Amino acid sequence: MSTELGKKISFAGVSGYLLLLVVLPLGAIFKQAFSAGVWGFIHSVLQPIGVSALVLTIKTSLLAALLNTVAGTVIAFALVRTSIPGKSILNAMVDLPLAIPTTVSGLMLIFLYGPSSPIGSWFARHGVDLIYSPLAIVIALVFVTFPYTIRAVQPLLDGSDRRMEEAALTLGASKLRVLRTIVLPTILPGVISGFALSFSRATAEFGSVVLVSGNLPMHTQVSAVYLYGLLENYNQQGAAAISVVLLGLSFVAVVCQIYLSRQTHISALLRRVQRFPRGEFHEVEDRAV
Amino acid sequence: MKSKIGLFSFVYLWFLALIALPLTGIAVGAFRKGAMEFFHEFVQPGALFGLKLTFEITACAVAINTVFGVLIALQIAGKNVRGWRVLNVIVDLPFAVSPVIAGLALILVYGPNTLIGGFLQNHSMKLMFAMPGMVMATLFVTLPFVVRELVPVLREMGNGEQEAAMTLGASTWRVFWRITLPQMKWSLLYGAMLTVSRALGEFGAVLVVSGSVVLLTQSATLYVYQSTVNGDMQAAYTVSLVLAATSFLILCLLEGIKRRREVAHS
């Protein structure tokens, strides 16, 4: 009896904690966003500066996520499948961007690529501003989302069955074909989830971007920074409206990720079944499943 | 062979440009005017105060979220209360929320002009724009870490041993200390260290709820930001180097704990 009571008290305590810390505050955002009615919400969202910030956020986040998905997949491949010198050090360094405070990341990038640094001034002479430009936002986002794809793809590559690839190679398939028809389908769920994680983290990023971007409205100001500006001007309703849009954006990213990874599972299965319509191979596979 | 060289140089270049060079850069920046200058910036009252405040907030956040993390994880893993699914979703929400939004959310409920915040302020308790609010913001963003580390371990262990001990007459408390805690200690430590790492570096949420008042609510990351904005780069590099070194240390600890955990589980 007393353990039952203990469980109930513990559940009540935990629920109360989550209610006060997470549920009430997030609920208050929605309430505040619509405090001036639906039209007030739409009006706040459609401010030209806000719209351009949102467009910039989506563009830079997509670009950064794309870059990191490609580079991350290649790096994961190198870390798992090759004997690249210094592998364990590289592998340990992957998580650094997550451990380092985002303001420190921003400052590091300013020091290295800023206009007063050798690298930055070389690029500036050739007409490319690495810092205080939209490019700076992409660099910062690539830095902070660095580990996601690598860490999503690594275990899939590690656990995949090498025998399939070897069999295909023995049967005369080219390396490219093996990569396309065997390796890629195996790691695709990891690639997709890495992309989605990178994208949603990128849309939420604030600390590093606020330092490197220069925050010029209509030019280099992303949504999170715009939102902070609204707060500084005591426009809580506007800030809450932008928050709702950003929350919606990361919600869409999560839903897309779940949908896409299901699709790829099903299509990969279908393809495998079609390739071996009947015969031994098919049965063997069925039993294994 | 050629493709291998291409692959390797790409990997090295990517790591060099994004991680190795920026990291060395911060050390070079902090020491470019010599060790004395570094030390001089380090003992500035603002810098020392910021670091102290950051460590205090981190200690509070880790203590509270470890206790609640264990409680929440037990509820979710046990599945023996209705509503564990709801808890499971709520715990992940802070991952999906931008830190600035987290700060705004807390202000909307606990700010001085709200029902709860106003009531507390009348009883001379200030949450927002003071240290308790900064702790709350840190609690918010670090909520998932301990829970996410513990739930899979607790599920994997099952509760056969716990039930056996209960049948033999051990109290819930004793079962927790003697069986559950030893089983999950490495994962708990790992989750707590992740919490420390995130709490030390939190910026957006803390900035919004603190107001960043010098020598009052300006934590280390806020000091770095303010110094950079003011153009006082030397101060920013110095405190950044301290923070980066701390995170590096934590990363090494995490790596060690991970190895220990793998050994313990195999």
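Note that the coordinates shown come from a computational prediction; the quantities given were computed from them, not determined experimentally.

Student: Just to check I follow, could you spell out the overall build of chain B for this structure?
Tutor: Summing up its helical and strand segments, chain B has twelve helices and zero strands in all. Listing each helix as α and each strand as β along chain B from the N terminus yields α-α-α-α-α-α-α-α-α-α-α-α. Dimensions of chain B along its principal axes, counting C-alpha atoms only, are 70 × 70 × 35 Å. The buried share of chain B, reckoned over its 266 residues, is 45%.

Student: Even after reading the chapter, I still don't get the overall build of chain A, so can you show me in this structure?
Tutor: Within chain A one finds 15 helices and zero strands. In chain A, buried positions account for 43% of the 289 residues. Of the contacts made within chain A by residues no fewer than 6 positions apart, 77% connect residues no fewer than 24 positions apart.

Student: Where do I start with unusual backbone geometry in this structure?
Tutor: It is generally the case that most residues other than glycine have a negative phi and that most peptide bonds are trans. One non-glycine residue, Y234(A), adopts positive backbone phi at about 60 degrees. Along the chain, Y234(A) turns up in the loop between α13 (223–232) and α14 (236–275). The class for Y234(A) is exposed, based on 9 C-beta atoms found within 10 Å. The phi dihedral of F129(B) is positive, around 60 degrees, even though this residue is not glycine. In this structure, F129(B) sits in the loop between α6 (115–122) and α7 (131–157).

Student: Teacher, can you tell me more about the environment of S200(A) here?
Tutor: Among the structural elements, S200(A) can be located in helix α11 (residues 175–204). The residues contacting S200(A), other than those within four sequence positions of it, are S250(A), A253(A), V254(A) and A96(B).

Student: When you look at helix α6 (residues 102–113) of chain A in this model, what are you seeing that I'm missing?
Tutor: Residues and elements named next belong to chain A. Along its twelve residues, α6 runs 16 Å from first to last C-alpha, staying within 8% of the 16 Å computed at 1.5 Å per residue. Most of α6 sits out of view: twelve of its twelve residues are buried. For α6, the set of buried residues is T102, T103, V104, S105, G106, L107, M108, L109, I110, F111, L112 and Y113.

Student: What's the story with the environment of Y225(B) in this structure? I'm lost.
Tutor: Tracing the backbone shows Y225(B) in helix α11 (residues 220–230). A count of 25 C-beta atoms within 10 Å places Y225(B) in the buried class. In sequence terms Y225(B) and A137(B) are 88 residues apart; their C-alpha atoms lie 18 Å from each other. When near neighbours in sequence (up to four residues on either side) are disregarded, Y225(B) contacts T103(A), L211(A) and F203(B).

Student: Help me out: how do you make sense of the packing of helix α9 (residues 172–201) of chain B against helix α12 (residues 233–265) of chain B in this one?
Tutor: If you want to describe how two helices pack, look at the angle between their axes and the distance between the axes. Residues and elements named next belong to chain B. At a minimum axis separation of 9 Å, α9 and α12 run at an interaxial angle of 165 degrees. By the angle between their directions, the pair α9 and α12 is classed as roughly antiparallel. When you trace α9 past α12, the crossing you get is left-handed. Residues W186, S187, L189, Y190, M193, V196, S197, L200 and G201 of α9 pack against L243, T246, S247, I250, L253, L254, I257, K258, R260, R261 and A264 of α12. Residue composition of the contact of α9 with α12, by class: twelve nonpolar, five polar and three charged.

Student: Is there a simple way to think about the interface of chain B and chain A in this case?
Tutor: Interfaces are often sized by the accessible area lost when the parts come together. Listed per partner, the contact involves 59 residues of chain B and 59 residues of chain A. The greatest single-element share of the side of chain B that touches chain A, amounting to 15 residues, is contributed by helix α1 (residues 2–31) of chain B. In terms of residue class, the side of chain B that touches chain A is made up of 45 nonpolar, twelve polar and two charged.

What counts as what
- Note on numbering: residues in each chain are counted from 1, in written sequence order.
- Chain A is the first chain written and ligand 1 is the first ligand written, with later ones labelled in order.
- Given that this is a predicted model, residues contribute local features only at a pLDDT of at least 70 and side-chain atom pairs are listed and counted only at 80 or more, while totals for whole chains, interfaces and linings are drawn from all residues.
- Put simply, DSSP marks the helices as runs of H or I at least four residues long and the strands as runs of E at least two long, and each gets a number from the N terminus on.
- Here a residue counts as buried when 20 or more other C-beta atoms fall within 10 Å of its C-beta, as exposed when 12 or fewer do, and as partly exposed in between; the C-beta atoms come from the backbone.
- Contacts are defined on C-beta atoms placed from the backbone: any two residues whose C-beta positions lie within 7 Å are in contact.
- Multiply 1.5 Å by the residue count of a helix minus one, and that product is the helix's expected span.
- As a rule, the C-alpha atoms of each element are fitted with a line to give its axis, helices using only the stretch in contact, and angles between N-to-C directions run from 0 to 180 degrees.
- In these notes the angle categories are as follows: under 35 degrees is roughly parallel, over 145 is roughly antiparallel, 65 to 115 is roughly perpendicular, and the rest is oblique.
- Take the far helix as the reference: if the near one is turned anticlockwise from it by less than a right angle, the crossing is left-handed, and if turned clockwise, right-handed.
- Residues are sorted three ways: Asp, Glu, Lys and Arg are charged, Ala, Val, Leu, Ile, Met, Phe, Trp, Tyr, Cys and Pro are nonpolar, and all the rest, Gly among them, are polar.

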